[in-house]
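Architecture at a glance
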Amino acid sequence: MGARSRFITLIRLAPLLLTLALLAGGCTTNDPYDTLTDFGDHSKTVRGLFWPVLWVAIFVFFAVEGLLLFTMIRFRRRGGERQMPKQTHGNTRLEVGWTIVPSLVLAIIAVPTISTIVDLARTPQNALQVRVVARQWWFEFIYADPADPNRAVSVASEAHIPAGRPIHWTIESEDVIHSFWVPNLAGKQDAVPGKKNDLVFTARQPGVYHGECAEYCLDSHALMRFIVIAEPEGQFNTWLQGQAQSATARTTGSAGRGQELFLGNACIGCHAIEGSAAQGRTAPNLTHFGSRVSLAGNRLENTPENVVRWVTNPQQLKPGAKMPAFGGTLSEEDIKAIADYLHSLK
Ligand SMILES: [Cu+2]
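A short tour of the structure in this document, coming up.

Reading the values: the criteria
- Starting afresh in each chain, residues are numbered from 1 along the sequence in its written order.
- The predicted nature of this model means local features are confined to residues of pLDDT at least 70 and side-chain atom pairs, given and counted, to a pLDDT of 80 or more, with totals for whole chains, interfaces and linings taken over all residues.
- Where side-chain values are given, they derive from all heavy atoms of the structure, hydrogens and water being excluded.
- Where helices and strands are cited, they refer to DSSP runs of H or I of at least four residues and of E of at least two residues respectively, numbered from the N terminus.
- Within these notes, the globule rule equals 2.2 Å times the number of residues to the 0.38 power, and the radius of gyration is based on C-alpha atoms.
- When accessible area is computed with a 1.4 Å probe and restricted to protein chains, residues below 20% of their type maximum are described as buried, those above 50% as exposed, and intermediate ones as partly exposed.
- Pairs of residues are marked as contacts when any of their non-hydrogen atoms sit within 4.5 Å.
- Note that accessible areas follow from Shrake-Rupley with a 1.4 Å probe, and for residues the cover is restricted to the protein chains shown.
- Here a donor is any nitrogen, oxygen or sulfur atom (N, O, S) within 2.8 Å of the metal, with 3.2 Å used for Na, K and Ca; water is not among the atoms considered, so some sites may look incomplete.
- In this scheme the shape depends on donor count and angles: four donors with every angle between 85 and 135 degrees give tetrahedral, four or six donors with opposite pairs above 155 degrees and others between 65 and 115 give square planar or octahedral in turn, and any other case is irregular.
- Only one rule defines a salt bridge in this text: a Lys or Arg side-chain nitrogen within 4 Å of an Asp or Glu carboxyl oxygen.
- Any two cysteine sulfur atoms within 2.5 Å of one another count as a disulfide.
- Grid points spaced at 1 Å and placed over the protein atoms alone form the basis of the search, with a cavity being a set where a 1.4 Å probe fits but cannot get out and a pocket an open set showing protein on both sides within 12 Å along at least five of seven lines. Lining residues have an atom within 4 Å of a point.
- Grid points are joined across faces, edges and corners, and a volume is the space filled by probe spheres set on the points.
- Side-chain classes are defined by residue name, with Ala, Val, Leu, Ile, Met, Phe, Trp, Tyr, Cys and Pro counting as nonpolar, Asp, Glu, Lys and Arg as charged, and the others, Gly among them, as polar.
- Start and end positions for the domains come from either an automated domain assignment or a database one.
- Angles run from 0 to 180 degrees between N-to-C directions of axes, and those axes are lines fitted to C-alpha atoms, restricted for helices to the stretch in contact.
- If an angle is under 35 degrees, it is roughly parallel; if it is over 145, roughly antiparallel; if it lies from 65 to 115, roughly perpendicular; otherwise it is oblique.
- Two strands pair if DSSP finds at least two bridges between them.

Moving on to the overall build of the protein. Along the backbone of the protein there are 8 helices and 12 strands. For the protein, the C-alpha radius of gyration of 28 Å lies well beyond 20 Å, the compact-globule estimate for 346 residues. The principal-axis extent of the C-alpha atoms belonging to the protein is close to 100 × 60 × 35 Å. In the protein, buried positions account for 38% of the 346 residues. Within the protein, contacts between residues at least 6 apart in sequence are counted, and of these 61% link residues at least 24 apart. When the accessible surface of the protein is summed, it comes to about 20400 Å², and 61% of that surface belongs to carbon and sulfur atoms.

Shown next as structure tokens:
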């Protein structure tokens, strides 16, 4: 085989190789976007339906394509044949057959499908209620204060849940349609303005699960992420009790100066810090900001440097972000002081 023909063979094989490479790329383990995992009861139930339906679809595909190929080869035009073959119009037996067989296949698949839908719609008695409010471009998680169920505890972008206990998420939106999705744990649920949608699932084991908005919602949709931290129930209870407390900040040195700046600027119009004059409700609640691992909708790691970057120019990190840039109005030193204050809020 000459070099040229070898090259041509390779070019011809390229689409096949590319397809195989793409398929192999999907075969990773521990992928945060794998929807058919054992980590959540919801994802496991969906997997229980997915595989049998996929096998039925594969069987139908090969049966239909096999028959098609057989017919094309068996009844192809052979050398020397000049005449048109006998033309047929309609075949009652075949037509009835290919109406009944697919209907039967669909009717059989409908049984596990409907039972799975009913299964997933059930809310167990011991489910923990968590309200999800989606906004451009972050998720707010609202819990009932364990000491006073009428009081709400709000956290942004990082939901903690007890592992092994069902969570009943009530999902809402304050602006456009978003979608709440934690691929490793459950399927998607839309967040629709003026409507409350439900989703129930259990994280079967402790871990950090990645979530994100799964419905295009303009500028920073791709940066609208969050994490779900599943932990042992005792640890979760301690966390929630801590979140329900008012802020305890360091009020000396740079952090003290940052507190003055924060409370004296526009920050308090949108952000809340419980136990202070900041009572805004349209932006993330920062009461325990220092205990969070990320900021800006899980966009950045929560370090003082990143808080400075964010406060200086949020739009650069998250296009369209509602927070104004303070780089022009506050000095770098002032912004650093604000970052120190926010980090002292544990
Ligand atoms: Cu979105």
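Looking now at the coordination of the copper ion. Only Cys213 (SG), Glu215 (O), Cys217 (SG) and His221 (ND1) from the protein coordinate the copper ion, and they sit 2.0 to 2.5 Å from it. Metal-centred angles of 87 to 125° between the 4 donor atoms at the copper ion mark the site as tetrahedral. Of note, the copper ion draws all its donor residues from one chain, in the sequence arrangement C-x1-E-x1-C-x3-H. Here Glu215 falls in the partly exposed class, since its relative accessible area comes to 33%.

Considering all chains together, one arrives at 10 salt bridges under this definition. Its salt-bridge partner being Glu172, residue Arg131 comes within 2.7 Å of it at the nearest N-O pair. Taken as a pair, Arg131 in strand β1 (residues 128–135) and Glu172 in strand β5 (residues 167–173) lie far apart in primary sequence, 41 residues in all. With relative accessibility at 11%, the residue Glu172 sits in the buried group. Measuring nitrogen to oxygen at the nearest pair gives 2.6 Å for the salt bridge that ties Arg151 to Asp145. Since its relative accessible area comes to 7%, Asp145 is described here as buried. Here the salt bridges share partners, and the residues they tie into one network are Arg135, Glu140 and Glu174.

One pass over the full model with this rule turns up 0 disulfides. No disulfide involves Cys270; its nearest neighbouring cysteine sulfur is the one of Cys267, lying 8.9 Å away. Residue Cys270 is classed as partly exposed on the basis of its relative accessible area of 35%.

Considering all chains together, one arrives at 1 cavity of 30 Å³ or more under this definition. If you add up the space inside the largest cavity, you get close to 140 Å³. Every residue lining the largest cavity is counted, 15 residues in all, and those nearest its centre are Ser154, Gln243, Asn285, Thr287 and His288. Ranked by residues supplied to the lining of the largest cavity, first place goes to strand β3 (residues 148–156) with 5 residues. Class assignment of the residues belonging to the lining of the largest cavity gives a composition of 5 nonpolar, 7 polar and 3 charged. Domain assignment of the residues forming the lining of the largest cavity places at least three in each of domain 1 (128–231) and domain 2 (253–343).

Between helix α5 (residues 253–264) and helix α8 (residues 332–343), the least distance of the axes is 7 Å, while the angle of their chain directions is 100°. On the basis of their axis angle, the class for α5 and α8 is roughly perpendicular. Residues Ser254, Ala255, Arg257, Gly258, Gln259, Leu261 and Phe262 of α5 form the contact with α8, whose participating residues are Asp334, Lys336, Ala337, Ile338, Asp340, Tyr341 and Leu342. Class assignment of the residues belonging to the contact of α5 with α8 gives a composition of 7 nonpolar, 3 polar and 4 charged.

What follows deals with the pairing of strand β10 (residues 225–231). The buried count for β10 comes to 6 of 7 residues, which makes it a mostly enclosed element. For strand β4 (residues 158–162) and β10, the ladder comprises 5 bridges, and the chain directions are parallel. Its bridge partner lying in β10, Glu158 is registered against Ile227. Strand direction decides the pairing type here: strand β9 (residues 207–213) and β10, joined by 6 bridges, are antiparallel. Looking at β10, one finds that Val208 is bridged to Ile229.

Turning our eyes to something else, we now look at the sheet that holds β1. In space, the 5 strands of this open sheet follow the order β3-β2-β1-β5-β8, with mixed pairing throughout. In this open sheet, the two edge strands, each paired with only one partner strand, are β3 and β8 (197–201). On average, each strand axis in the sheet is tilted by 25° relative to the strand beside it, whichever way the strands run. As judged from the 5 bridges shared by β1 and strand β2 (residues 138–145), these two strands associate in the antiparallel manner. Note that in β2 the partner of Arg135 across the bridge is Trp138. Packed onto the sheet, helix α4 (residues 233–244) meets β1, β2 and β3 and runs at close to 95° relative to β3.

On their own, these measurements won't tell you what the molecule is for.
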